[in-house]
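# Structure at a glance
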Amino acid sequence: MCRSLLTFLRGSQRVTGRRVRRLLDKSKTFHVACGVTICIFSVVHVSAHLVNMVSFSVRYSEDFPGLNVAQYRGQVTHTDTHMDIFFPGVTGVLLVLVLFLMFTASSYCIRVSSYEIFWYTHNLFIVFYVILMVHVAGGALKYQSNVETHPPGCVHNNLSSWTNHRAAGEKGAESSGAPQTVCQEEARFQPHFPQTWLWVSAPLCLYCAERFYRFIRSSAAPVTIVSVVSHPCSVVELRMLKSGFKPRPGQVSPCPTGKNQTFGIHLRVLGDWTLWKCVFLPTCNISNLTVCCAFSSHPRVHVDGPFGSPSEEVFNYEVSLCVAGGIGVTPFACVLQALFDDWRQYKLKRLYFVWVCRDLQSFYWFADLLCGLHERLWRDNRPDYLNVQLYLSNTQGLQSISEERYRFLSSRLRIGRPKWKLIFQEIGRANQLKRVGVFCCGPKGISKALHTLCNSNPHTETAFEYNKESFS
Ligand SMILES: NC(=O)C1=CN([C@@H]2O[C@H](COP(=O)(O)OP(=O)(O)OC[C@H]3O[C@@H](n4cnc5c(N)ncnc54)[C@H](OP(=O)(O)O)[C@@H]3O)[C@@H](O)[C@H]2O)C=CC1
Ligand code: HEM
């Protein structure tokens, strides 16, 4: 989860292969897989300890008292807890508790409904690592320090097992003729030197350095909020200015350009985490934004980033398909803007843009940009460059974009959800023997459907490569 490091590797073209860049984009999925693996193996680990507790009692050894955790054979309760296991026991319970909190708060429903709970609980990872490093400090795990003078299996007069050993030995020696090794001294055991820190400290230091860098970078100067625009369907556009902040298309919604140094984000007011709720809600009313912005003094806003985004890759295919669901259009807005500024500089030769919304009004968020790009491409004699398909999923009532200046959009508007298979077939037919980059940002259902279609690869002549933008 070292986002800045990943962004650096991804964006600096140090990683030249697209395959490796796509792999870097899967860092979050890899992280979740590691997290779940930690949880599964913690369950295995704790279960093994429970089995061990029984073993301590049942297999109490009179021969090696230094190794025993139980005080006598058959001990059922541990009223007088051995100090060797007291510390690992307490820290172990704390580790399980922290992990349980992190695991449950990381579930999709909590992340979506209350991101704050997820975020603050997740930051317990630092507590987790610190406890993990001291977990073995009690010295319960021991090794034998005098193997030369007391080799395993040797026999000693003082040991109770001597008689058994001798009996077995004599019998064996008689048959095989092998002599028995006699112990020169009692077995001695010493606790292991704790080694967890060896495995954990390097990644932990790397991550802490990354967080420190991010903190310094984001708090160096707060951003200046230049404008706040209210869009239909509870969407707010913030235009900001920050010196030295250089996002690339796909990372924010409008990127800084030569003429306009501001960058922007579009936010849908949802859940408890959106900037709108944290920053503006106490003083503002979304329906009265202009008044609100004129009178309220905005708190200081710091921006962490920019971070790499799979949508940056749109330009690196000859043919790309961008699919947006609702507010998921934001990463593609900047892509469209970049094409509007100069589409000739990119490898991209054709862009399919599919946008599904529940509300007709949502299409107005970027209606000017879409129409502007369409007109520009027609002027530049490339009408085939951009293929726009808008889908209105809400089928109730007669709805259309009536404004004359948005005629291009109204002619591209279809009612109902898209038929993904047909869209893929159509693109496959028009781009045979090509590799098509598929980009998706929106509800899970859409990305699942597209991912499945890309993997099933029904068009042998066209390869579809799936790239997903993940927001939760
Ligand atoms: N808050 C923010 O600022 C940002 C959020 N996001 C992410 O964008 C996502 C979308 O947000 P939101 O605008 O609320 O989305 P909506 O819930 O409004 O859904 C958008 C559209 O997608 C359609 N849809 C859903 N599933 C499918 C499917 N399987 N096949 C075809 N169409 C489908 C919906 O159709 P129907 O009406 O039939 O359900 C709807 O028309 C969220 O997951 C969020 O994480 C991304 C960028 C920024
Ligand atoms: C149990 C399963 C886990 C799940 C499902 C999970 C999920 C996530 C998700 C989704 C993010 C990204 C948050 C975002 O982008 O907004 C994240 C970030 C992170 N997680 Fe986990 N996680 C899990 C376990 C763990 C564990 C066990 C640790 C460490 C002990 C950990 C440490 C982190 C860290 C350090 C970040 C990065 C925060 C940042 O810099 O933005 N996670 N996790």
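Just so it is clear, the structure is predicted and the values come from calculations on it, not from any experiment. (Residues numbered from 1 in each chain as written. Chains lettered and ligands numbered in written order. Predicted model: local features only at pLDDT ≥ 70, side-chain atom pairs only at ≥ 80, totals over all residues. Heavy atoms only, no water.)

## With respect to the nonpolar core
Counting residues in hydrophobic clusters, the biggest one holds 44 residues, and the most contacted among them are Leu339, Leu351, Phe353, Trp355, Phe363, Ile401 and Leu409. Discounting residues that sit within four places of it in the chain, Phe353 has contacts with Cys322, Val329, Phe332, Leu336, Leu370, Leu386, Asn387, Val388 and Gln389. Counting 20 residues, the second-largest nonpolar core is a separate cluster that includes Val323, Tyr352, Val354 and Ile446. (Core = buried A, V, L, I, M, F, W, Y, C linked by side-chain atoms within 4.5 Å. Buried < 20%, exposed > 50% of the residue type's maximum accessible area, 1.4 Å probe, protein only. Contact = heavy atoms within 4.5 Å.)

## Some details on the state of the cysteines
Summed over the entire model, instances satisfying the criterion amount to one disulfide. Paired through a disulfide, Cys154 and Cys183 show a sulfur-sulfur distance of 2.0 Å. In this structure the cystine formed by Cys154 and Cys183 twists about its S-S bond by roughly 105°; its chirality is therefore right-handed. Taken as a pair, Cys154 in the loop between β1 (142-144) and α8 (162-176) and Cys183 in the loop between α8 and β2 (189-191) lie far apart in primary sequence, 29 residues in all. Judged by its relative accessible area of 8%, Cys183 falls in the buried class. (Disulfide = S-S within 2.5 Å. Helix = DSSP H or I, 4+ residues; strand = E, 2+ residues; numbered from the N terminus.)

## Side note on the packing of aromatic side chains
Given two aromatic rings, their pairing is described by the distance between the two centres and the angle made by the two planes. Using the criterion set out here, one finds 16 aromatic pairs in the structure. Ring centres of Phe128 and Tyr129 lie 5.9 Å apart, and the angle between their planes is 80°; on these two criteria the pair is classed as edge-to-face. Among the residues examined, Tyr129 registers a relative accessible area of 28% and is labelled partly exposed. Both rings, one in Trp355 and one in Phe366, keep their centres 6.4 Å apart while their planes meet at 50°; by these two values the pair is tilted. Taken together, the positions of Trp355 in strand β7 (residues 350-357) and Phe366 in the loop between β7 and α13 (367-379) put the pair eleven residues apart, joining distant regions of the chain. Comparing Trp355 with Phe366, the two get one shared label, buried. Clustering of aromatic rings is evident, with ring pairs tying together Phe353, Trp355, Phe363, Trp365 and Phe366. When the ring centre of Tyr317 is taken as origin, the NZ or CZ atom of Arg18, which lies over that ring, is 3.9 Å away. A cation over an aromatic ring shows up here: Lys444 above the ring of Tyr108, its NZ or CZ 4.1 Å from the ring centre. (Phe/Tyr/Trp six-rings, centres within 6.5 Å; stacked < 30°, edge-to-face > 60°. Lys NZ or Arg CZ within 6 Å of the ring centre and 35° of its normal.)

## Concerning the environment of Arg435
By the secondary structure assignment, Arg435 is in strand β10 (residues 435-441). Overall, Arg435 belongs to the partly exposed group, its relative accessible area being 43%. Beyond its immediate chain neighbours, meaning those up to four positions away, Arg435 contacts Arg18, Tyr317, Val319, Ala463 and Glu465. Here Glu465 takes part through its side chain, which lies 2.5 Å from a polar atom of the side chain of Arg435. (Polar contact = N/O pair within 3.5 Å; in protein donor to acceptor, adjacent residues only side chain to side chain.)

## Some remarks on the coordination of the iron atom of ligand 2
The iron atom of ligand 2 binds to the protein through His31 (NE2) and His122 (NE2), with metal-donor distances spanning 1.9 to 2.0 Å. Of note is the iron atom of ligand 2, whose six donor atoms meet at the metal with angles of 86 to 179° in an arrangement that counts as octahedral. One end of the pair, His31, is in helix α3 (residues 27-58); the other, His122, is in helix α6 (residues 115-122), with 91 residues separating them in the sequence. (Donors = N, O, S within 2.8 Å, 3.2 Å for Na, K, Ca; no water. Tetrahedral: all angles 85-135°; square planar, octahedral: opposite > 155°, others 65-115°.)

## Regarding unusual backbone geometry
Cis peptide bonds are those with omega within 30 degrees of zero, and the linkage from Gly305 to Pro306 qualifies with 0°. Looking at the element boundaries, Pro306 is found in the loop between α11 (289-295) and β6 (319-325). Not every positive phi belongs to a glycine, and Ser234 is a case in point at roughly 55°. With respect to the secondary-structure elements, Ser234 resides in the loop between β3 (224-231) and β4 (235-241). The class for Ser234 is partly exposed, based on a relative accessible area of 37%.

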